[in-house]
Amino acid sequence: MQHAVQIEGLTKEFTRRDGTRIRAIDDAAITIDPGEFIVLLGPSGCGKTTLLRTIAGLENPDSGRISIDGRDVFASHNRTLVPPEQRDLSMMFQSYALWPHMTVRNNVRYPLETRRRPRIARKEMDRRALEALETVGIGELSGQYPGQLSGGQQQRTALARALVNGSPVILFDEPLSNVDAQVREQLRAELLATQRRLGFTAIFVTHDQNEAMELATRIAVLDQGKVQQVGTPAEIYRNPATAYVATFIGTTNEISGTWDPSQSGFSTDAGPIRSSSLTPETASARILWRPEDGKLESSRPSGPNTFEVTVTKTLFLGLHTEYVVRWGKASARIWSSEHHRFCPGDQAWLSVSPEDVMVFPGDGAQPTEAEAAEDTPPQSSAVLSEAAG
Amino acid sequence: MTATQTPPPTRPPRGPVPKPRLSRMPRKPSSFDTLTLVLAFTLIAIVCLPLLQVVIGMVWKDGEFTFEAIERTLALPDLWTLIWNTLVLVIASSVCAVVIGFLLAWVNQRTDARWGLLNDILPYLPFLLPPVAGAVGWIMLLSPTSGLLNVWIRDALSLFGVDLATGPFDIHTWYGLILVYTVYAVPYTYLNISAALESFDSSLEEASRLSGAGYLRTLRRVTLPALAPSVGAGFLLSTWFGFGMFSIAAIIGTPAQIDVIAVRIVNLLTFSYPPDEDLAIGLSAIVMVFVGLSYYIQFRILRSARFGSISGKSTQHNIIRLGPWRPVVRGLVLIYVLGSTVLPMIGLFLVALNGYWTPNIDWGGLSLDAFRSTLIHDPSAREALFNSLGLGIVGGFIGILAASFVSLYVQRRRTALGAGIDAAIKMPASISNMVIAVGILLLLGGDPFNLGGTWLILLIGYLALYLPQASIASDAAVAVVGKDLGEASTVSGARDWKTFLRIYAPLMLPGLIGAWALLFIRIVGDLTASAILSGTENVVLGFRILEVFNGGSYAELAALSSTLVLITGTVLLFVIILSKRFGVAKTQSAPRTRKARR
Ligand SMILES: Nc1ncnc2c1ncn2[C@@H]1O[C@H](COP(=O)(O)OP(=O)(O)O)[C@@H](O)[C@H]1O
Ligand SMILES: [Mg+2]
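The shown structure was predicted, so the numbers you read here are calculated from the model rather than taken from an experiment. (Residues numbered from 1 in each chain as written. Chains lettered and ligands numbered in written order. Predicted model: local features only at pLDDT ≥ 70, side-chain atom pairs only at ≥ 80, totals over all residues. Heavy atoms only, no water.)

Trainee: In this structure, what is going on with the overall build of chain B? I would like to understand it.
Mentor: Scanning chain B from terminus to terminus reveals 25 helices and two strands. By residue count, 52% of the 598 residues in chain B fall in the buried class. Partitioning the intrachain contacts of chain B with sequence separation of at least 6 by distance along the chain shows that 78% fall at a separation of at least 24. Approximately 26800 Å² of chain B is accessible, and the part contributed by carbon and sulfur atoms is 67%. (Helix = DSSP H or I, 4+ residues; strand = E, 2+ residues; numbered from the N terminus. Buried < 20%, exposed > 50% of the residue type's maximum accessible area, 1.4 Å probe, protein only. Contact = heavy atoms within 4.5 Å. Areas by Shrake-Rupley, 256 points an atom, 1.4 Å probe, with all protein chains shown as cover.)

Printed below as a string of structure tokens:
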């Protein structure tokens, strides 16, 4: 099977105004199959947009190779460079980039007009433009100008323009970040349905992990221009390749420890911890586990990784209740669907299964787990049960 | 689904990434890019080669190395008077302009005497009333015996029993000259300071207030130091303007026997026979040194102190309520604006309509006779008018078109080449107009080109001198469209030409028309390039006004100047209407803001 997009060893440096060089893409490699919905996920400034723009040809990388549908569009070894207008891609911009002097229909028709072969009749173009507009549910707006549309309608127009000439690969640069939450939910679902129905390959940039989880068949996590991990949402969540991925996706409890062969576990401030994952090659380790993997019970369970803790805070969050617990110098957050089981001040037993404990090489510079837990502000919708308890 | 690339946690840390080969792969230039580059290098050549010519001319003459030009310049008997006069005039007027500009900006940004119209009018003053016409207007007002304003003041004073034969003011004095220079320098300082005040992060001021400092103390300790860079920039622009200013000095300073360098350069080249190029080059070099020096000083000031940050977004500022002083302050601002623009215009029109310059205006007998005899019956004035209009239309068109191609290139391909082109095109703004005009004359006026006194040399001169303005205006027009809209077209499969014609051209049009109009006004009202490059055969409007000033009737002088003001005023009105109508300065890239504006 031909890969839809293949990227190898891609590197791109920018020179800032003050002369410092910054590597926006650093030796990136990723292979994307036809029909996939790939999400490039990472914090702001990690190089997502730059990577997307190099695929589109709007930015020229320094070295590496990009091929689309088996054809090299950029290759530094033989100096191939295909200009963007010949790459047969579509792109949906963060700002939508609708042309304000053209009606919605003319905006959507434009990509058809630029096609050199095969030529299509104007009537046919109009028909296809209208069809694309109907696909996204705004057929009746074709005579309007972009300035007369709401944010969500502008977005649909931009989507229709990206869909209209049936490009096999469509690029999305945070296209949902400019509308309010409700419209965003709806558009997300529609976008996914449209992609499944039409079968194009989507490369979607976002910094929002919920969005990534919902849309992606696979997620590529980026950090400072490097591709940290590529995998399905579940893989990324359950088997993060690096501590960075683990902490960026979802919430984690973290504690640092050192490998103690005599216990075949780690000794930490919280006591000995065992993990079923491989031991790090360095003596010090970052030990992470997710709040939903901790179990709170009132009587002592059997097995490893069992700690007697004090509940210091409870936070009702709807789906689950967050219990903040403390023992010795350590503390952790636990999510449990059992609401109001414990009140602040209660004693309880915490256990974490060794399968759920993730271990990464430590670098010593990480904040201790207690600080991390306390610095995180509670969600605004949370109901503090401290007073009630 | 392909296999995941999840490495096991024990994977050894990756070695250092090999340094990428920074093989900048130049994209094959499209025909659009090629045309742009040709245009850009032509434009740069017509600016840079003349400058080079002046620099070389200092040490190279008739094929050999010589310091003759410099030696002869230094031997000028009145050289130090020239330099002294120029420095006093430029520095005094710049200081006054900073003070007035600051007061106006502060009133308009920070008090309830603010007046939106000020922002619309003040920046356009030099366009509305070109300096050559303004200088004539001020003479009509403040000449000691028959200046209209002087007569009105004398009449008013006589009501109180004070009788004066002349005065009380005399425009042909140091203070008169400084006054008119200041009026024309204020827009530079006002715009800079006003913009800085607007974007000034007022939390800095609030912090000072909360720590117990009063308003004045805060102004002195926090606001003013933070504004220093923009005050400096305004001052620099104002000195730059002063060093290159020819028309005001020629018309007001010459009768007062205050000689400045700019006027001497023109006299050496245009009004002496044979023209003395050596001395002109030597004096041009002095101008360049002074302009360079003021850059250096500004650079040092900026570097020596830590200035408060000016945050990009404008914040809500405390507006001071002036209470009973509000009408007074408003009145003063109004008097300044009227006094600096409307009064000189009234002077011009009254003298032109009256037919001759007399303090006793015959209100019933005003007529267009002077216009008629000047514009219709005087062939050289008529020719000058047509030459100027033609050059303004054609030069404006060529300048804006070329500048917009270059702006587009610079914005779309943010390469080192683009940045270099941009800097080279805007450079004349930082060197003196005067010097470039001298260079063009030296380069093209004589052998082998022999373009002296032709239409073409004037066209080249205007383009070179006013290119920076054209370039800045077209940058703004390109910025309005933004990058995304063009890229969206490229990704849709459109080539450069198609993107230009379908996306950029229609969206930039209102901005470009406005830019064209401003360039047109600059060219029609110009006297710097005109005085040096226009020979007596191929006269343009500014030069004709100078000729009439040197030996013609005042009515004719007023009529010509009024005609100039009418032309520039009409075109300016058109620009303002256009920009109000199409919102030339509004950005269209962010959908949110676009929606919010509606
Ligand atoms: N044209 C540019 N010039 C200089 N630096 C740039 C340029 N474009 C992006 N960068 C830098 O490259 C890095 C990655 O940027 P970007 O790809 O826009 O990040 P993201 O989209 O993930 O927020 C940032 O540090 C940004 O400042
Ligand atoms: Mg981005």
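Trainee: Mind showing me how you'd approach the domain arrangement of chain B here?
Mentor: Size of an interface: often given as the accessible area lost when the parts come together. Residue and element names in this part refer to chain B. When the domains of chain B are assigned, the result is domain 1 (31-66 + 368-598) and domain 2 (69-307 + 325-360). On the side of domain 2, 44 residues touch domain 1, which itself brings 48 residues to the contact. Overall, the association of domain 1 and domain 2 removes approximately 4000 Å² of surface from exposure, summing both partners, and the carbon and sulfur fraction of that is 79%. At the surface where domain 1 touches domain 2, the tally comes to zero salt bridges. Across the contact surface, domain 1 and domain 2 share one residue pair in polar contact (both at pLDDT 80 or more). Of all elements in the fold, only helix H1 (31-59), helix H15 (369-377), helix H18 (433-445), helix H21 (496-524), helix H22 (528-533), helix H23 (541-551) and helix H24 (554-582) reach the threshold of two or more residues within the side of domain 1 that touches domain 2. When residues of the side of domain 1 that touches domain 2 are assigned to their parent elements, the largest contribution, 15 residues, is made by H24. (Domains from an automatic or database assignment. Buried area = accessible area lost by both parts, 1.4 Å probe. Salt bridge = Lys/Arg side-chain N within 4 Å of Asp/Glu carboxyl O. Polar contact = N/O pair within 3.5 Å; in protein donor to acceptor, adjacent residues only side chain to side chain.)

Trainee: Whenever I open this one, the sheet that holds strand E21 (residues 358-361) of chain A confuses me. Can you help?
Mentor: Residue and element names in this part refer to chain A. The strand order E14-E13-E12-E15-E21 describes an open sheet built from five strands, whose pairing is antiparallel. One side of each edge strand has no neighbouring strand; the edge strands of this open sheet are strand E14 (271-273) and E21. Across the sheet, the mean angle separating the axes of adjacent strands is 40 degrees when strand polarity is ignored. (Pairing = 2+ DSSP bridges. Axes fitted to C-alpha atoms, helices over the stretch in contact; angles between N-to-C directions.)

Trainee: Before we go on, may I ask you to explain the pairing of strand E8 (residues 169-173) of chain A in this structure?
Mentor: Along any regular strand the residues' side chains alternate between the sheet's two faces. Residues and elements named next belong to chain A. The buried fraction of E8 amounts to five of the five residues, a majority that puts the element mostly inside the structure. Residues Val169, Leu171 and Asp173 point to one face of E8 and Ile170 and Phe172 to the other, with burial holding for every one of them. With four bridges joining them, strand E7 (residues 89-92) and E8 adopt parallel strand pairing. Within E8, the residue paired with Leu89 across the bridge is Val169.

Trainee: Mind showing me how you'd approach the site of ligand 1 here?
Mentor: For ligand 1, the set of nearby residues contains 13 residues, the closest of which are Ile22(A), Gly45(A), Lys48(A), Thr49(A) and Thr50(A). More than one chain approaches ligand 1, the contributing ones being chains A and B. At 2.6 Å, a backbone N or O of Gly45(A) approaches an oxygen atom of ligand 1. Separating an oxygen atom of ligand 1 from a backbone N or O atom of Gly47(A) is a distance of 3.1 Å. When isolated, ligand 1 has an accessible area of 560 Å², and the protein chains bury 73% of it. In terms of residue count, the dominant contributor to the shell around ligand 1 is helix H1 (residues 48-56) of chain A (three residues). Classifying every residue of the shell around ligand 1 gives five nonpolar, five polar and three charged. (Near = heavy atom within 4 Å. Nonpolar A, V, L, I, M, F, W, Y, C, P; charged D, E, K, R; others polar.)

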